[in-house]
Amino acid sequence: MAGAGGGGCPAGANDLQWCFSQVKGAIDEDVAEADIISTVEFNYSGDLLATGDKGGRVVIFQREQENKSRPHSRGEYNVYSTFQSHEPEFDYLKSLEIEEKINKIRWLPQQNAAQFLLSTNDKTIKLWKISERDKRAEGYNLKDEDGRLRDPFRITALRVPILKPMDLMVEASPRRIFANAHTYHINSISVNSDHETYLSADDLRINLWHLEITDRSFNIVDMKPANMEELTEVITAAEFHPHQCNVFVHSSSKGTTRLCDMRSSALCDTHSKFFEEPEDPSSRSFFSEIISSISDVKFSHSGRYMMTRDYLSVKVWDLNMESRPVETHQVHEYLRSKLCSLYENDCIFDKFECCWSGSDSAIMTGSYNNFFRMFDRNTRRDVTLEASRENSKPRASLKPRKVCTGAKRKRDEISVDSLDFSKKILHTAWHPAGNVIAVAATNNLYIFQDKVN
Amino acid sequence: AGGPGCVVCYWLLGDTQEKEGILPERAEEAKLKAKYPSLGQKPGGSDFLMKRLQKGQKYFDSGDYNMAKAKMKNKQLPSAGPDKNLVTGDHIPTPQDLPQRKSSLVTSKLAGGQVE
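Conventions we followed
- Residues numbered from 1 in each chain as written.
- Chains lettered and ligands numbered in written order.
- Predicted model: local features only at pLDDT ≥ 70, side-chain atom pairs only at ≥ 80, totals over all residues.
- Heavy atoms only, no water.
- Phe/Tyr/Trp six-rings, centres within 6.5 Å; stacked < 30°, edge-to-face > 60°.
- Helix = DSSP H or I, 4+ residues; strand = E, 2+ residues; numbered from the N terminus.
- Buried < 20%, exposed > 50% of the residue type's maximum accessible area, 1.4 Å probe, protein only.
- Lys NZ or Arg CZ within 6 Å of the ring centre and 35° of its normal.
- Pairing = 2+ DSSP bridges.
- Axes fitted to C-alpha atoms, helices over the stretch in contact; angles between N-to-C directions.
- Contact = heavy atoms within 4.5 Å.
- Buried area = accessible area lost by both parts, 1.4 Å probe.
- Salt bridge = Lys/Arg side-chain N within 4 Å of Asp/Glu carboxyl O.
- Polar contact = N/O pair within 3.5 Å; in protein donor to acceptor, adjacent residues only side chain to side chain.
- Nonpolar A, V, L, I, M, F, W, Y, C, P; charged D, E, K, R; others polar.
- Core = buried A, V, L, I, M, F, W, Y, C linked by side-chain atoms within 4.5 Å.

**Digging into the packing of aromatic side chains**
Residue and element names in this part refer to chain A.
Phase 1: Counted according to the given criterion, the structure contains 20 aromatic pairs over all chains.
Phase 2: Relative to Tyr198, the ring of Phe178 lies with its centre 5.2 Å away and its plane at 75°, an arrangement referred to as edge-to-face. Remark: Tyr198 occurs in strand E13 (residues 197-201) and Phe178 occurs in strand E11 (residues 162-178); sequence separation between them is 20 residues. Just as Phe178 is buried, Tyr198 falls in that class too.
Phase 3: Geometry around Tyr140 places Lys143 over its ring, the cationic atom sitting 4.6 Å from the centre.
Phase 4: The aromatic ring of Tyr305 is capped on one face by Arg377, whose charged end is 4.9 Å from the ring centroid.

**Re the sheet that holds strand E16 (residues 235-240) of chain A**
Residue and element names in this part refer to chain A.
Phase 1: Spatially, E16-E17-E18-E19 is the arrangement adopted by the 4 strands of the open sheet, whose pairing is antiparallel. Both edges of this open sheet fall to E16 and strand E19 (273-275), since each of them pairs with a single strand only. If you compare each strand with its neighbour and ignore which way they point, the axes differ by 20° on average.
Phase 2: As paired strands, strand E17 (residues 247-252) and strand E18 (residues 257-261) are joined by 5 bridges and run antiparallel to one another. Paired with Ser251 across the strands is Thr257, a residue of E18.

**Examining the sheet that holds strand E32 (residues 444-450) of chain A**
Residue and element names in this part refer to chain A.
Phase 1: Ordered by their spatial adjacency, 4 strands build an open sheet running E1-E32-E31-E30, and the pairing between neighbours is antiparallel. For this open sheet the edge positions go to strand E1 (18-24) and strand E30 (427-430), each flanked by a neighbour on one side alone. Between one strand axis and the next, the sheet turns through 20° on average, direction left out of account.
Phase 2: The sheet contact formed by strand E31 (residues 436-441) and E32 spans 6 bridges and is antiparallel. Paired with Ala440 across the strands is Leu445, a residue of E32.

**Brief notes about the pairing of strand E10 (residues 125-138) of chain A**
Residue and element names in this part refer to chain A.
Phase 1: The pairing of strand E9 (residues 115-120) with E10 spans 6 bridges and is antiparallel. Within E10, the position partnered with Gln115 by the bridge is Ile130.
Phase 2: Adjacent in sequence and paired antiparallel, E9 and E10 are bridged by 4 residues.
Phase 3: Pairing geometry for E10 and E11, over 13 bridges, is antiparallel. Looking at the pairing, Arg133 lines up with Met169 of E11.

**Digging into the interface of chain B and chain A**
Phase 1: Each partner contributes to the interface: chain B provides 43 residues, whereas chain A provides 70 residues.
Phase 2: Summed over both sides, the interface of chain B with chain A buries roughly 4700 Å², with 57% coming from carbon and sulfur.
Phase 3: Here Lys35(B) makes a salt bridge to Glu344(A), at a shortest N to O gap of 3.0 Å.
Phase 4: Viewed at the interface, chain A and chain B are joined by 13 residue pairs in polar contact (both at pLDDT 80 or more).
Phase 5: For the side of chain B that touches chain A, the elements supplying multiple residues, two or more each, are helix H1 (24-35) and helix H2 (46-53) of chain B.
Phase 6: Considering every element that reaches the side of chain B that touches chain A, the biggest residue donor is H1(B), with 8 residues.
Phase 7: Grouping the amino acids of the side of chain B that touches chain A by side-chain chemistry returns 19 nonpolar, 9 polar and 15 charged.

**Quick word on the nonpolar core**
All names here are of chain A.
Phase 1: Core analysis: the largest hydrophobic core is formed by 26 residues, its most contacted members being Phe286, Tyr311, Leu335, Leu342, Tyr343, Ile348 and Leu419.
Phase 2: For this core, the element with the most residues is helix H2 (residues 339-344), which contributes 4 residues.
Phase 3: Excluding residues within four positions of it along the chain, Ile348 makes contact with Phe287, Ile290, Ile291, Tyr311, Leu339, Leu342 and Tyr343.
Phase 4: Among the nonpolar cores identified, the runner-up in size contains 20 residues, and Trp18, Met364, Leu385 and Phe448 belong to it.

**Looking at the pairing of strand E25 (residues 362-366) of chain A**
Residue and element names in this part refer to chain A.
Phase 1: The buried fraction of E25 is high, at 5 of 5 residues.
Phase 2: Neither face of E25 is open: one carries Ala362, Met364 and Gly366, the other Ile363 and Thr365, and all of them are buried.
Phase 3: Of the pairings in the sheet, the one linking strand E24 (residues 354-356) to E25 comprises 3 bridges and is antiparallel in character. If you follow Cys355 over to E25, its bridge partner there is Met364.
Phase 4: What sits between the antiparallel neighbours E24 and E25 is a turn of 5 residues, in which Asp360 has the positive phi angle 70°.
Phase 5: Across 5 bridges, E25 lies against strand E26 (residues 371-376) in antiparallel orientation. Note on E26: the bridge partner recorded for Ile363 is Phe375.
Phase 6: In this structure, the hairpin formed by E25 and E26 is closed by a connection of 4 residues, where Asn369 is found at a positive phi of approximately 60°.

So yeah, pure geometry; function would need other evidence.
Here you go:
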């Protein structure tokens, strides 16, 4: 899929040559559960990249400034800050453990020198402030340089403390803790375009919060049936519209997406729009509903489209048309004839995420065997790439990968039966402005950049 | 449909017992039902949802355990099925079912070491 990006035309995903840039994480064969990355997110400028893991830790990487003296460190990401966001908790009433796994991280737009992000586990959302300190005061009156208090009666003269530079220290502190509003497990958080509110969604309910208020939230969607025996559908993801602060969407386990308008009523149980692709009843099987379950929903940056990810495909929807998607991209259709074993090993329940490129011209999502897929919406071309340490020479180009289904396997292809289903790429992120992507492969974080960059 | 790596399916009218004629999904469904004949008649739905809502490690509770034992008297306590994490019916975690202790919290490996 090589080719130079055109002179004046916007380059699509496949005009780019994706190259290995960096890989973070240990090389151990034995992966500790806590090290499994559970979320990846760039901030609004793309200068910061946050990861959350099953051990409740957040690691933030910062992009190095382009430096003439070190031309090869072309925008590399290095560790900026790391902290323990959530710890395991125990619900004594139900004798249930509350996992510390970070389900989602969402950045707030930057408003001052500090950076803010929301991170959540199954039950509690926290607002973290990440700030830099590069100065420290010296020459206090009441205490020594080593902090010991001076005897006030011995002080004969006063001095003004002076600020002296110190090595950069990045501090993370929890500024708000939003707890006890979800009976079920939180799967999504989304910051509103008003920069004042955000939503949190669990399996059955969605709540609206104000960033300043921790002891109160408003329930805006409630899908809990009066009788739990009648439960047929759960909420799988939710997101606010990027520009319209009154609009949000939520997706379901039945493959439907609802768009809600908060101006219409306080409780948005009735949707404003209902997106569902009609199903051919003759093709229905035991697996139909399971594989139609939407694992992720994302608005385009433009706000005109949204994308849904189900088990085998990614669909792009025009918000003005509810009846069917405008694009359907097959991620790994060859798995359709493996559904029985994928059901037995639970892989059929894997929740893959998806993301848009900054210009919305391309979309990306993960697959198995550490493969990930990119679809160029303009050229209609797609490519399968692999996140692997075997291809990790600096600036090495990624070679497109191919899965073969038939008996005849070409030399560079891999057969469906040889795919490693334990190597899943569930979380990927695309830099908001440039062609840099972050791909989480179990406990390793890969960063790829394009050659043109 | 069509194109590299895509399974092309043909409907054969009439004899639906011919495996070649069935959609790959239906063939997979037949495989599954052959392995697990008692699998619910309704398509994958509520069972999964309830399992999903109950996600979480249930721990040993001596109060529950002793009360259940007293109720059962001579009968055996229902033990954990193949899926130890699924809490169903009267299942109460027993000391034998206890999960391994989690290891202590340390700094993420993403933040340490040289790598690259």
